[in-house]
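The lines below spell out each chain.
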Amino acid sequence: MKKILLVIFSAVVLFGCENYLDKVEDSAGLQADDVYTDYLNFRKFEDRMYKDMNDYLSAGDYTYIAALCDEGHLGPGWETMPIAQNGDWIRSYNTGQALQFYGVWGAWESIRIANLVLENLPQLEGAATTDQMNQLKGQAHFMRAWYYYEFLKRQGGMPYIQKAFKGTDDFARTRLSYHETALKIAADCDTAVLLLPAKWDDANIGRPTAGAAMALKSSTFLFDASPSNNPSGDASKWEAAASAAWDVIKLAESTGRYKLLQSKGTDHVTYATEWKINEEGEREVTNTESIEYISGFDSIFMYRPYNDEIIWENYSASYSSGYSVFTVPSLSAGGVIQGFSPTANIVDLFETKQGLSIQDDPDFDDQDPFIDRDPRFYQSILFNGERWTSQTDRYMELFEGGNERKGEEHYSTSGYLARKFWAKNVDQWSGTQAPNTHVIYFRLADMYLQYAEAANELGGPNHKISGATLSAVEALNIVRARVGMPGVNSIYLGSKESFRERIKAERAVELYLEGKRFFDLSRWGDAHKAEHRELYGIDFQADAGSPTGYIISRPTTPFFTLTFGQKHYKWPIPLEDALMFEEFKQNPGW
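Values in this document were obtained by computation on a predicted structure and should not be read as measured data.

The rules we used
Residues numbered from 1 in each chain as written. Predicted model: local features only at pLDDT ≥ 70, side-chain atom pairs only at ≥ 80, totals over all residues. Heavy atoms only, no water. Helix = DSSP H or I, 4+ residues; strand = E, 2+ residues; numbered from the N terminus. Rg over C-alpha atoms; globule rule 2.2 N^0.38 Å. Buried < 20%, exposed > 50% of the residue type's maximum accessible area, 1.4 Å probe, protein only. Contact = heavy atoms within 4.5 Å. Areas by Shrake-Rupley, 256 points an atom, 1.4 Å probe, with all protein chains shown as cover. Lys, Arg positive; Asp, Glu negative; His and termini not counted. Charge placed at Lys NZ, Arg CZ, Asp CG, Glu CD. Axes fitted to C-alpha atoms, helices over the stretch in contact; angles between N-to-C directions. Left-handed = near helix turned anticlockwise from the far one by under 90°. Nonpolar A, V, L, I, M, F, W, Y, C, P; charged D, E, K, R; others polar. Core = buried A, V, L, I, M, F, W, Y, C linked by side-chain atoms within 4.5 Å. Phe/Tyr/Trp six-rings, centres within 6.5 Å; stacked < 30°, edge-to-face > 60°. Salt bridge = Lys/Arg side-chain N within 4 Å of Asp/Glu carboxyl O. Polar contact = N/O pair within 3.5 Å; in protein donor to acceptor, adjacent residues only side chain to side chain. Expected span 1.5 Å × (residues − 1). Parallel < 35°, antiparallel > 145°, perpendicular 65-115°, else oblique. Pairing = 2+ DSSP bridges. pLDDT = per-residue confidence, 0-100.

A.B. asks: What is the right way to look at the overall build of the protein in this model?
C.D. replies: What the protein contains, in helices and strands, is 18 helices and 14 strands. Rg of the C-alpha trace for the protein: 25 Å, near the compact-globule value of 25 Å for 590 residues, within the 12% margin. Counting only C-alpha atoms, the protein reaches 80 × 55 × 45 Å along its principal axes. Here the protein, with 590 residues, has 61% of them falling under the buried criterion. Within the protein, contacts between residues at least 6 apart in sequence are counted, and of these 69% link residues at least 24 apart. As presented, the protein carries roughly 22,000 Å² of accessible surface, and 48% of it is formed by carbon and sulfur atoms. A gap of 5 Å separates the mean positions of the 57 positive and 82 negative side-chain charges of the protein.

A.B. asks: Any chance you could explain the packing of helix α10 (residues 235-255) against helix α13 (residues 444-459) here in plain terms?
C.D. replies: In a pair of packed helices, the angle between the axes and the distance between the axes together describe the arrangement. Interaxial distance between α10 and α13 falls to 8 Å at its minimum, and their mutual angle equals 145°. At the point where α10 passes α13, the crossing takes the left-handed sense. Of the residues in α13, those in contact with A235, W238, E239, A241, A242, A245, W246, V248, I249, A252 and E253 of α10 are L444, M447, Y448, Q450, Y451, E453, A454, A455, E457 and L458. Among the residues forming the contact of α10 with α13, the class breakdown is 16 nonpolar, 1 polar and 4 charged.

A.B. asks: Which parts of the structure should I look at to understand the nonpolar core?
C.D. replies: In globular proteins that are soluble, nonpolar side chains generally tend to be buried together. Counting 177 residues, the largest nonpolar core has Y64, F142, W146, F326, F340, F442 and Y451 as the members making the most contacts within it. No other element matches helix α7 (residues 130-154), which puts 12 residues into this core.

A.B. asks: Could you clarify how one ought to interpret unusual backbone geometry in this entry?
C.D. replies: Glycine aside, residues mostly have negative phi angles, and peptide bonds mostly take the trans form. Of note in this structure, Q97 is not a glycine but carries a positive phi near 60°. Inspection of the secondary structure puts Q97 in the loop between α4 (89-92) and α5 (99-105). With a relative accessible area of 32%, Q97 lands in the partly exposed category. Of note, Y303 is a non-glycine position whose phi angle comes to about 75°, a positive value. Following the sequence through the fold, Y303 ends up in the loop between β5 (283-294) and β6 (310-313). The class of Y303 is partly exposed, set by a relative accessible area of 42%.

A.B. asks: How do you make sense of the packing of aromatic side chains when you look at a structure like this?
C.D. replies: Think of a pair of aromatic rings as described by two things: how far the centres are apart, and how the planes are tilted against each other in angle. For the structure on display, the rule yields 50 aromatic pairs. Between Y148 and F151, the ring centres sit 5.9 Å apart and the planes meet at 90°, which makes this aromatic pair edge-to-face. Of this pair, Y148 and F151 both sit in helix α7, 3 residues apart, roughly one helical turn. Given the relative accessible area of 0%, F151 is considered buried.

A.B. asks: When you look at the pattern of salt bridges in this model, what are you seeing that I'm missing?
C.D. replies: Where charged atoms from two side chains of opposite charge come close, those side chains can pair. Going through the model one piece at a time under the given rule, you end up with 40 salt bridges. With a closest N to O distance of 3.3 Å, K51 and E109 form a salt bridge. Taken as a pair, K51 in the loop between α2 (39-47) and β3 (72-73) and E109 in helix α6 (residues 108-120) lie far apart in primary sequence, 58 residues in all. Taking the relative accessible area as the measure of exposure, K51 reaches 43% and is therefore partly exposed. The exposure class of E109 is buried, given its relative accessible area of 13%. A single network of salt bridges, built from pairs that share partners, joins E309, E351, D374, R376, K420, R443, R480, R482, R502, E506, E510 and E514.

A.B. asks: It is not clear to me how the side chain of E397 should be interpreted in this structure. Could you clarify?
C.D. replies: Counting through the fold element by element, E397 comes out in the loop between β8 (381-382) and β9 (417-418). Separated by 3.0 Å, the side chain of E397 and the backbone nitrogen of N403 make a polar contact. Discounting chain neighbours no more than four positions away, the residues touching E397 are R283, N384, G402, N403, E404 and R405.

A.B. asks: Explanation requested: helix α9 (residues 210-225) in the structure shown.
C.D. replies: At 3.6 residues per turn, the α-helix brings residues three or four places apart onto the same side. An ideal rise of 1.5 Å per residue puts 22 Å on 16 residues; α9 measures up with 23 Å between its terminal C-alpha atoms. Buried residues dominate α9, accounting for 15 of its 16 residues.

A.B. asks: Is there a simple way to think about the environment of T130 in this case?
C.D. replies: Mapped onto the fold, T130 is located in helix α7. The class of T130 is exposed, set by a relative accessible area of 59%.

A.B. asks: Looking at this structure, how should I read the side chain of R405?
C.D. replies: Take R405: it is sitting in the loop between β8 and β9. The buried category is assigned to R405, whose relative accessible area is 8%. Looking at R405, its side chain comes within polar contact range of the main-chain oxygen of I538, at 2.7 Å. With sequence-adjacent residues up to four places away left out, R405 is seen in contact with E397, L398, F399, E400, Y411, S412, T413, S414, G415, I538, D539 and F540.

A.B. asks: Before we go on, may I ask you to explain helix α16 (residues 517-524) in this structure?
C.D. replies: Taking burial as the measure, the 8 residues of α16 include 8 buried ones, the bulk of the element. All of the buried residues along α16 are R517, F518, F519, D520, L521, S522, R523 and W524. Remark: G525 follows α16 within two positions and exhibits a positive phi of approximately 80°.

A.B. asks: Help me understand the environment of N436 in this model?
C.D. replies: On the secondary structure map, N436 appears in the loop between β9 and β10 (440-443). Look at N436 and you get partly exposed, because its relative accessible area is 46%. A C-alpha to C-alpha distance of 8.1 Å links N436 and G322, two positions 114 residues apart in sequence.

A.B. asks: Would you take a moment to explain the packing of α9 against α10 for this structure?
C.D. replies: For the pair α9 and α10, the least separation of the axes is 8 Å and the interaxial angle reads 155°. Classified by the interaxial angle, the pair formed by α9 and α10 is roughly antiparallel. Relative to α10, α9 is oriented so that their crossing is left-handed. Residue-level contacts link G211, M214, A215, K217, S218, F221, L222, D224 and A225 of α9 to K237, W238, A240, A241, A244, A245, D247, V248 and L251 of α10. Of the residues belonging to the contact of α9 with α10, the class tally is 12 nonpolar, 2 polar and 4 charged.

A.B. asks: Sorry if this is basic, but what is going on with the pairing of β5 here?
C.D. replies: Look at any regular strand and the pattern is simple: side chains alternate between the two faces of the sheet. Relative to β5, strand β4 (residues 266-277) runs antiparallel, the two being bridged by 11 bridges. Bridging from a neighbouring strand, E274 pairs with N287 of β5.

A.B. asks: Teacher, can you tell me more about the confidence of the model for the protein here?
C.D. replies: The predicted coordinates ought not to be read in detail in places where the model reports low pLDDT. Within the protein, residue pLDDT values average 92, and 93% of them lie at 70 or more. In the model, residues 1-28 has pLDDT below 50 throughout and makes 90 contacts with residues more than four positions away in sequence or in other chains.

A.B. asks: Where do I start with the environment of D298 in this structure?
C.D. replies: By secondary structure assignment, the location of D298 is in the loop between β5 and β6. Residues D298 and I111, spaced 187 residues apart in sequence, show a C-alpha to C-alpha distance of 34 Å. In this structure, D298 is in contact with Y303, Q379 and R419, ignoring residues within four places of it in sequence.

Next up, the structure:
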């Protein structure tokens, strides 16, 4: 079978010496005619372009994206994570399991497959139905756009390759600007919308739909409009972002194709407030309290095989061990990546149930901080004293030296653990199989928040774009209402600037651990600020007279400081690729 040299640009030159088939890699030795003229073979070939989709929850990614920002911290376990946390990102491309780096960058190969599909699709005419042809073409346009979106978020503008190069072609291409690349992505999305189905059958869940293409366009324009990529504040870019987000919302509201998964019923958290040391010298809980909250938010991410809030997910990455990153050795077996610790920085962004920040609510007690919080707090965060395991007499010990905070690798370093993708009673004692986890790229709540952000930038919290029926604050309040939170308090609605901060906090809470926060901080131009680089936890000092049995304090010094300077706003190109052609420029500072 004919082989060609594959390198990065269009997967023919930049990856160095790697043999790759320009038809299909198949043990049966299929020739081009066998692939391009048979529908099932063609689809198998095209499906290989899905292999480079990044899984932001993968325990196999030693550069876990949530640990590269203020969402939380992971101890070393392997050299890969510290290298990335310390900002040595060129080196990250060459270290073990740095999937956020070399894993995503490797998607040039999948872009080449998409281009080969589009070039050779006419050969399939007569051997496939019109719908089948449209589905193949639509997926190719979508996936090409998706991988360029992944590059755009990280490295910025790229040459937008729309052909499968041959070995005799000139591969030297200049990089497009950020905005030019965004427009190319949007054009591919517009084409995909016309070709992709509104919904796939159950056997094909996870393939992109027309709605997914609209959501990808919306998110691309949001990045293009954001301060890091739009320093002049060009309002037309915010208009495009707001309009694209509204198109998705309008589709959802007019057709019912997408719906927020409603929170129904209540759940409760039991936590220890008093304890003693028994005769055997063991810690024994003597009194507990209970907190009731609106339940159901976690069902978006677990339990159900599918739900209508999801616009697009990495269905192939749905697995039952995603929680292993969030557990600790005292509760369940893990691996190299284990013991993710949410920071106090993030925990403090969860409002009180009155809809006020903890700084603004006069009833908030920093010595009893776990009560009366946003229901999403209880469905996202595990705190000291909480009963979480299948052992009825075992409560989380997140104080210094406790079972879950031993001062060792893979244990909590902050005094918190993450719950969001970890189902109840899944631990080393229960023998319970964890439910599958949805690795979601776009869901409807995000579209409401994207619209709210863009509309606010155009005219403030009460602004509606032309043709829309919701203002910025009304869109955001829909997301809050789903979990029983009141609308944004009037004290935050006095200006575009004050409401902007509530939008940022809302995204941090609603989309916690969903692969968004790192890129949000980057596109906002906030990632280099000390408040996001310096990671804080909380300390506990036993005190029987305190509401939780401890005096709780936040140290004045961070337990870890991330490295993020101005150059990190645009990720580097791997050196061997950046130096290959004079026309292909490295990002500044690298």
